[in-house]
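Here is what each chain is made of, one letter per residue.
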Amino acid sequence: MYELVRVGVALSGAFLAMLWLALVLWVYRDAQSRSTSFPVILLSTVLVSSTFVVGWAVYILLRPRFSLSEEYHQGFRERAALLDASSGELCFRCQARLQLDYRLCPNCGLEVKHPCDMCKRPIRPTWNLCPYCGHSAHQPLAPHPNHARASEEQRKA
Ligand SMILES: [Zn+2]
Ligand SMILES: [Zn+2]
């Protein structure tokens, strides 16, 4: 009978030791993916290795919310959205967002820019000269009724 109890205790002890080791290793690797600061990683690992499941629960509550790579991608997406909003222009006709070098509106096909006679870079029909090379003799397109209104609104704004 005593033999049986001893085996049971030894087995559960081994099980707990394995669980402890797994938790400590998991926290160590998780902390590494979330922080580059060595004291933070060390502290998290020591916390879990000394207080076991309690320390693990505390770590889960306090750990940085995003891992480093998630944070990186989040920041990238925000910067890309910001860049898009700041560099974009709107189509005169349908208000679709245009990139600076678009010649035609991808939505309605309106020609929003035409190539400069000299340097062939895209120029707005409302500009008096090419801002890239200074060429001013380009033939302006027949002004679209909306173009005049749009440029007037731009001047007011
Ligand atoms: Zn359009
Ligand atoms: Zn030009």
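It should be noted that the structure appears before, not after, this text.
Read on for a plain summary of the structure. (Residues numbered from 1 in each chain as written. Chains lettered and ligands numbered in written order. Predicted model: local features only at pLDDT ≥ 70, side-chain atom pairs only at ≥ 80, totals over all residues.)

## Side note on the environment of Cys 130
Structurally, the position occupied by Cys 130 is in the loop between strand S4 (122-123) and helix H5 (145-156). Cys 130 sits in the buried class, given 20 other C-beta atoms within 10 Å. Considering only alpha carbons, one finds Cys 130 and Pro 115, 15 residues apart in sequence, at a separation of 9.4 Å. (Helix = DSSP H or I, 4+ residues; strand = E, 2+ residues; numbered from the N terminus. Buried ≥ 20, exposed ≤ 12 C-beta atoms within 10 Å, placed from the backbone.)

## Digging into the environment of Val 53
The residue Val 53 is located in helix H3 (residues 53-62) in this model. The exposure class of Val 53 is exposed, given the 12 C-beta atoms found within 10 Å. In this structure, the C-alpha to C-alpha distance between Val 53 and Leu 19, residues 34 residues apart in sequence, is 9.4 Å.

## A closer look at unusual backbone geometry
Glycine aside, residues mostly have negative phi angles, and peptide bonds mostly take the trans form. In this model, Phe 52 sits at a positive phi of 60°, which is unusual for a non-glycine residue. A residue is classified by how many C-beta atoms lie within 10 Å of it, and Phe 52, with 15 of them, is partly exposed. In the Ramachandran plot, Lys 120 falls in the positive-phi region, its phi being about 65° despite a non-glycine side chain. By the element assignment, Lys 120 lies in the loop between strand S3 (114-115) and S4. We classify Lys 120 as exposed; it has 12 C-beta atoms within 10 Å.

## Here we look at the packing of helix H1 (residues 2-34) against helix H2 (residues 38-51)
Running from N to C, H1 and H2 cross one another at 160°; their axes reach a closest spacing of 9 Å. The angle between H1 and H2 falls in the class roughly antiparallel. You can see that H1 and H2 cross each other, and the crossing is right-handed. Between H1 and H2, the contacting residues are Leu 23, Val 24, Val 27, Tyr 28, Ala 31 and Gln 32 on the first element and Val 40, Ile 41, Ser 44, Thr 45, Val 48 and Ser 49 on the second. (Axes fitted to C-alpha atoms, helices over the stretch in contact; angles between N-to-C directions. Parallel < 35°, antiparallel > 145°, perpendicular 65-115°, else oblique. Left-handed = near helix turned anticlockwise from the far one by under 90°. Contact = placed C-beta atoms within 7 Å.)

## Quick word on the nonpolar core
Soluble, globular proteins show a tendency: their nonpolar side chains are buried together. Grouped together as the largest cluster of nonpolar side chains are 6 residues: Val 24, Val 27, Ala 31, Val 48, Trp 56 and Tyr 59. Ranked by the residues each element gives to this core, the list is headed by H1, at 3 residues. What Val 48 contacts, discounting residues up to four positions off in sequence, is Leu 23, Val 24, Val 27, Gly 55, Trp 56 and Tyr 59. Membership of the second largest hydrophobic core comes to 5 residues, among which are Cys 91, Leu 98, Cys 105 and Val 112. (Core = buried A, V, L, I, M, F, W, Y, C linked by C-beta atoms within 7 Å.)

## Some remarks on the environment of Gln 99
Mapped onto the fold, Gln 99 is located in the loop between strand S2 (97-98) and S3. Residue Gln 99 is classed as exposed on the basis of its 10 C-beta neighbours within 10 Å. For the pair formed by Gln 99 and Glu 89, sequence separation is 10 residues and the distance between their alpha carbons is 6.6 Å.

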